[in-house]
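Overview (structure and organization)
Letter by letter, the chains look like this.
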Amino acid sequence: MPRQAILPAALDATGFRLLNEWQRDFPLEPRPFARIAQAVGAAEEDVISAYRDLSAQGLVSRVGAVFAPRRLGASALAALAAPPERLEEVAARVTREPAINHNYQREHRYNLWFVVTAASRAQLEEVVAGIERDTGCAVIVLPLEEEFHIDLGFDLKAGGEGRRPHADARSDEPIARGDADGGCALPALERKLIGALQGGLVLEARPFATLAARVGLTEGEVIACIARWVDEGLIRRFGVVVRHHELGLEANAMCVWDVPDAEVSGLGRRLAQEAAVTLCYRRRRVLPGWPYNLFCMIHGSAREEVLAARADLAARLGLDRHPHAVLFSCRRFKQTGARYLDAKDLAHV
């Protein structure tokens, strides 16, 4: 069953292109919206206004960088088992933590799942310890061990049959300037630029000039630095980041399997090429409560659509010969862009 986004009735063909075609390969030049306007046959100011409207409607989270996991700072998927009667209280404590960028309730004994990002592994551990202390709930931390497909883009065409990025063969290598503790050892001005990029571009005619003024670089230096980071793989993609819930992809399931270590890499690479799969990676087991090491996300407009897609790929790849589970999202408590550097980290730059 193809994944089908449900777009606003008022969205015209140009608006659809603005949402769909620049989720990656956003123009890295002084007037990027003028280049997009030329491609869609519109005026620059109309394109900027359209992106502002799409952001105001919640369809666009930001226009900017999606940083590659493990290439900058430290990050991990984490979960806890909150008593049902305390779920909202515990979720509120997790949500107000600046280092948390995603926080979801899922159908499982581990019912609260969140992503922690920090400037270093030590800071990440400090965040987790604080959550455990304040909630009384033990947290399992599941670091990424092998990436098969992490792009975070959503092809909005019927059936999702657009370009399918392949897993990045460089994903397991640390960036050359990173440190052994997963911290950020980039030069000070580059750290400052990353900090400014985390919230996305200002939607105006010369957004890179505004970034440059904020961080003490020239417009050309900012563009060149971003282009280099894209080429190196520090930035996974640079472009429009859409919100899948607001686009009608409200059903999503985290599908997990316990695959023998000798088989997980090959199976993960095959799974990553499936059109229905939006994320796919290997994570660390936490025994005895969490035995699963192969993860993928499947998004759809309805639960039945997601289950049908999962059943199809599991049958073809023989996945369900391994122990498995399906964790549907129930509620979204928080969804923002990852922030590896906070104000404290940038204060001494």
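Residues numbered from 1 in each chain as written. Predicted model: local features only at pLDDT ≥ 70, side-chain atom pairs only at ≥ 80, totals over all residues. Heavy atoms only, no water.

Attention now goes to the overall build of the protein chain. When helices and strands are counted, the protein chain shows eleven helices and eleven strands. Here the protein chain holds 349 residues, and the buried ones make up 54% of them. When contacts within the protein chain are restricted to residue pairs at least 6 apart in sequence, those whose partners lie at least 24 apart make up 77%. (Helix = DSSP H or I, 4+ residues; strand = E, 2+ residues; numbered from the N terminus. Buried < 20%, exposed > 50% of the residue type's maximum accessible area, 1.4 Å probe, protein only. Contact = heavy atoms within 4.5 Å.)

So, about the side chain of Gln335. Mapped onto the secondary structure, Gln335 falls in strand E11 (residues 324-335). Given the relative accessible area of 16%, Gln335 is considered buried. In terms of polar contacts, Gln335 uses its side chain to reach the side chain of Arg332, at 2.7 Å. (Polar contact = N/O pair within 3.5 Å; in protein donor to acceptor, adjacent residues only side chain to side chain.)

Okay, the pattern of salt bridges next. The tally for this structure, following the rule as stated, stands at 24 salt bridges. For Arg282, the salt bridge is made with Glu145, and the minimal N-O distance between the two is 3.7 Å. In this pair, Arg282 is assigned in strand E9 (residues 277-283) and Glu145 in strand E6 (residues 144-150), connecting sequence segments 137 residues apart. A relative accessible area of 34% places Glu145 in the partly exposed class. Its salt-bridge partner being Arg310, residue Asp320 comes within 2.7 Å of it at the nearest N-O pair. With a gap of ten residues between them, Asp320 in the loop between helix H10 (303-317) and E11 and Arg310 in helix H10 connect regions that are remote in the sequence. Take Asp320: its relative accessible area is 34%, and that puts it in the partly exposed class. Assessed through its relative accessible area of 8%, Arg310 is described here as buried. Salt bridges sharing partners connect three or more residues here, namely Glu145, Glu146, Asp258, Asp261, Arg269, Arg282, Arg284 and Arg285. (Salt bridge = Lys/Arg side-chain N within 4 Å of Asp/Glu carboxyl O.)

Moving on, we get to the packing of helix H9 (residues 261-272) against H10. The contact between H9 and H10 brings their axes to 11 Å, and the two run at 135°. In terms of orientation, H9 and H10 fall into the oblique class. Here H9 runs over H10; the crossing is right-handed. Residues Leu267, Arg270 and Leu271 of H9 pack against Leu313, Arg316 and Leu317 of H10. (Axes fitted to C-alpha atoms, helices over the stretch in contact; angles between N-to-C directions. Parallel < 35°, antiparallel > 145°, perpendicular 65-115°, else oblique. Left-handed = near helix turned anticlockwise from the far one by under 90°.)

We describe a pair of aromatic rings using the distance from one ring centre to the other and the angle between the two ring planes. The tally for this structure, following the rule as stated, stands at nine aromatic pairs. Judged by centre distance (5.6 Å) and plane angle (75°), the ring pair of Phe26 and Phe33 falls under edge-to-face. The exposure class of Phe33 is buried, given its relative accessible area of 0%. A centroid spacing of 4.9 Å and a plane angle of 75° characterise the contact between Trp290 and Tyr292, whose relative ring orientation is edge-to-face. A relative accessible area of 0% means that Trp290 is categorised as buried. The buried category is assigned to Tyr292, whose relative accessible area is 13%. A cation over a ring is seen here: Arg283 above Tyr281, with NZ or CZ 4.3 Å from the ring centre. (Phe/Tyr/Trp six-rings, centres within 6.5 Å; stacked < 30°, edge-to-face > 60°. Lys NZ or Arg CZ within 6 Å of the ring centre and 35° of its normal.)

Our next topic: the pairing of E11. Sheet topology places strand E3 (residues 100-106) next to E11; five bridges connect them, and they run antiparallel. By the bridge assignment, Gln105 is partnered in E11 with Arg331. Bridge count for strand E8 (residues 251-257) against E11 is five bridges, and the pairing is antiparallel. Bridge pairing in E11 places Ala253 opposite Phe328. (Pairing = 2+ DSSP bridges.)

Our next topic: unusual backbone geometry. In the segment running from Leu287 into Pro288, the intervening peptide bond is cis, with an omega of 10°. Locating Pro288 in the fold gives a position in the loop between E9 and strand E10 (294-300). For Asp25, which is not glycine, the phi torsion reads 60° and is therefore positive. Relative accessible area serves as the criterion here: at 55%, Asp25 is assigned to the exposed category.

Mapped onto the elements, Ala118 comes out in strand E4 (residues 112-118). Ala118 gets classed as buried once you look at its relative accessible area, which sits at 5%. Separated by 18 residues in the primary sequence, Ala118 and Ile100 have C-alpha atoms spaced 8.9 Å apart.

Our next topic: H10. The end-to-end C-alpha distance of H10 is 21 Å, a good match for the 21 Å that 15 residues give at a rise of 1.5 Å each. Of all the residues in H10, the buried ones are Glu305, Val306, Ala309, Arg310, Leu313, Ala314 and Leu317. What you see down the axis of H10 is that its buried residues fit within an arc of 155°, all on one side. Facing away from the buried side of H10, by more than 90 degrees, are the exposed residues Glu304 and Ala315. Tucked inside the fold, the buried residues of H10 contact E8, H9, E9, E10 and E11. Positive phi shows up at Gly318, right after H10, with a value of about 65°. (Expected span 1.5 Å × (residues − 1). Arc of directions from axis to C-beta.)

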